[in-house]
Amino acid sequence: MTRGTRLHSALILATILLCGSPMTPAEQVPSFNLPVACTPGMDCWIVNYFDHNPGPGMLDYACGQLSYDGHDGTDYALRDRFVMATGVAVLAAAQGVVKAVRDGMADISVMQTGYEAIEGQECGNGVLLDLGAGWEMQYCHLRKESVAVKPGDSVAAGQMLGMIGLSGRTEFPHLEFSVRYRGQKLDPFVGRAESSGCTLGKTPLWSERALDLQPYLPFALYNSGFAERAPKAAEVRAGGHHNATLVR
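Residues numbered from 1 in each chain as written. Predicted model: local features only at pLDDT ≥ 70, side-chain atom pairs only at ≥ 80, totals over all residues. Heavy atoms only, no water.

Next up on the list: empty space enclosed by the protein. In this approach, a probe sized like a water molecule rolls over the atoms, and the result shows the empty space that is left. Counted under the stated rule, the structure contains one cavity of 30 Å³ or more. Taken together, Pro40, Gly41, Trp45, Ile46, Tyr49, Leu213, Gln214, Pro215, Leu217, Phe219 and Ala220 form the lining of the largest cavity. Looking at the lining of the largest cavity residue by residue, the classes come out as nine nonpolar, two polar and no charged. (1 Å grid on protein atoms, 1.4 Å probe; cavity = no way out; pocket = protein on both sides within 12 Å on 5 of 7 lines; lining within 4 Å. Points joined across faces, edges and corners; volume = space filled by probe spheres on them. Nonpolar A, V, L, I, M, F, W, Y, C, P; charged D, E, K, R; others polar.)

Shown next, in the form of C-alpha cells:
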C-alpha cells in the first residue's frame with residue numbers, strides 16, 4: 001500500500017468515526033399519523049387503549065382503565081351505525097406495502113352472530129401493511145366492501161384504506177389499529193421503550209401532530225340529547241335518534 005493510499009484510507013476511517021455509521025433499517029422507527037379521518041374527542045372517540053397489565057385486569061398507558069384484559073390495539077369508535085353508514089375513512093398512518101386484506105364480511109355485532117361464526121376472522125374486514133424493517137400495522141373491523149387496496153399495493157401516508165365498520169369480533173362500529181415490530185405488539189403511545197409511568201412513553205410512535213389530536217380523556221361521552229321516552233340502547237347504537245323531533 002502506498003503512502004497516498006494509506007492517507008486516503010485513514011481519512012475515510014476518520015470521517016466514519018466522526019460522523020457515525022448510517023442508521024440500519026432495523027433502527028429506523030416510523031412516525032405515525034392519525035389513522036382515521038375524524039377528530040378523537042369530537043366525532044370519534046378512543047374507547048380502548050393498549051393493555052399494559054401483564055396479569056388479569058387492564059391498565060392503559062396513563063394508568064387508567066380504558067382498555068380490557070389482553071387488548072393489544074387502539075380502538076377508535078364512531079357515534080353509531082348511522083355515522084358508520086355515512087362513511088368515515090380509515091387512513092394509512094405511514095407509508096408501506098399492503099401485505100394482506102380481507103373484505104366481504106357483514107357489518108353485524110358479534111352479539112348477533114356469535115363468537116363461533118367469526119372464529120379465525122376476529123379482525124373482520126381488514127388491511128395489513130408492511131412498513132419494512134420489521135414494522136407492521138394492522139387495521140381491523142372495516143366496513144363491508146370498503147377496502148380500497150389490494151396485496152402488493154404501495155400506499156402513501158394518509159391514503160384511504162377503507163371505511164370504519166362493524167365486522168368481525170366487535171359490538172360497535174370502530175377501527176382497531178395495532179402495531180407490531182418484529183412480531184412484538186407495541187402501544188404507539190409508548191413505543192419500543194418501557195413506559196415512564198402514567199404518561200406518554202419516552203419514544204411514542206405518533207407524530208407530534210397526531211399526539212396533539214389525541215389527548216388522553218379518562219372517559220368518553222359520545223351520545224347525548226333529549227327524547228320523549230326512555231331511549232333503548234339498541235336504538236341509540238343504530239342512530240335512529242338522528243332525525244327525531246320533539247312535540248311542543
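So much for the structure itself; the text now carries on.
Turning our attention to the state of the cysteines. Under the defined criterion, the tally for this structure stands at three disulfides. Residue pairing for Cys38: its cysteine sulfur links by disulfide to Cys44, the two sulfurs lying 2.3 Å apart. Between Cys38 and Cys44, the S-S torsion sits near 95 degrees, and that sign places the bridge as right-handed. Cys44 shares its class with Cys38; the two are buried. Disulfide pairing is shown between Cys123 and Cys140; the S-S distance is 2.1 Å. Judged by the torsion about the S-S bond (-105 degrees), the Cys123/Cys140 disulfide is left-handed. Highlighted residues: Cys123 in the loop between α3 (110–113) and β5 (125–132) and Cys140 in strand β6 (residues 135–142), separated in sequence by 17 residues. (Disulfide = S-S within 2.5 Å. Buried < 20%, exposed > 50% of the residue type's maximum accessible area, 1.4 Å probe, protein only. Helix = DSSP H or I, 4+ residues; strand = E, 2+ residues; numbered from the N terminus.)

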